[in-house]
Amino acid sequence: MTRSRAQDPNVCGVTAAIAVIDGKWKTILLWLLESGPRRPGELRRRLPGLTEKVLTQTLREMEVDGLVHREVHDVRPLKTVYSLTAFGHELSEALAPLSDWGHRRLETLAEAQSVS
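No experiment lies behind these values; they were computed from the predicted model shown. (Residues numbered from 1 in each chain as written. Predicted model: local features only at pLDDT ≥ 70, side-chain atom pairs only at ≥ 80, totals over all residues. Heavy atoms only, no water.)

## Here we look at the UniProt feature "domain: HTH hxlR-type" (unreviewed entry) in the protein
- Feature annotation in UniProt places "domain: HTH hxlR-type" (unreviewed entry) on residues 12-110, given in this structure's numbering.
- Across residues 12-110, helical content stands at 64% and strand content at 12%; the span's end C-alpha atoms are separated by 33 Å. (UniProt positions renumbered as here; feature names shortened; annotations may be inferred. Helix = DSSP H or I, 4+ residues; strand = E, 2+ residues; numbered from the N terminus.)

Here it is as structure tokens:
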């Protein structure tokens, strides 16, 4: 899905929402930032396999979409902290029922596999 679909007024709301969270790391980053502000290094340590380049790119996209706030403290070395915006918290709350559905689906699949 292309990022332009997130801003296209002629698509359905679900498509626009999915375009904002599309990608391997965005929902996981939303989940991690729900509990409070985090520095990039901490996010990378919590997500093995996520490179610094991809983390930076993903957080910048989320910032452009209004989901995260980037705060740079003017100390040496520079200290950058990311947190969810009100819009990011709202999206996170909207995704909670979808997450619950996903967990129920995984449980159903696991039960079906254990029976067969």
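## Focus: the nonpolar core
- Judged by nonpolar contacts, the single largest core of 19 residues is most densely connected at Leu29, Leu30, Leu43, Val68 and Leu91.
- Secondary structure elements with two or more residues in this core: α1 (13-21), α2 (26-34), α4 (52-64), β2 (79-84) and α5 (86-115).
- Each residue touching Leu43, except ones within four places of it in the same chain, is listed here: Leu29, Leu32, Leu33, Arg38, Leu55 and Leu59. (Core = buried A, V, L, I, M, F, W, Y, C linked by side-chain atoms within 4.5 Å. Buried < 20%, exposed > 50% of the residue type's maximum accessible area, 1.4 Å probe, protein only. Contact = heavy atoms within 4.5 Å.)

## A word on α5
- With 30 residues, α5 extends 44 Å between its outermost C-alpha atoms, agreeing within 8% with the 44 Å of an ideal straight helix rising 1.5 Å per residue.
- Taken as a whole, α5 carries its principal kink of about 35 degrees at Ala96; the proline Pro97 stands between one and four residues after it.
- At its buried positions, α5 is contacted by α1, α2 and β2. (Expected span 1.5 Å × (residues − 1). Bend = angle between axes of the 7 residues up to and from the residue.)

## Considering the pattern of salt bridges
- Applying the stated rule across the entire model yields 3 salt bridges.
- A salt bridge links Glu61 to Lys26; the shortest N-O distance between them is 2.9 Å. In this pair, Glu61 is assigned in helix α4 and Lys26 in helix α2, connecting sequence segments 35 residues apart.
- Using a relative accessible area of 22% as the deciding quantity, one classes Glu61 as partly exposed.
- According to the relative accessible area criterion, Lys26 is buried, its value standing at 4%.
- Across the pair Arg44 and Glu52 runs a salt bridge whose closest N-O atoms are separated by 3.8 Å.
- Accessibility expressed as a relative area gives 33% for Arg44, which makes it partly exposed. (Salt bridge = Lys/Arg side-chain N within 4 Å of Asp/Glu carboxyl O.)

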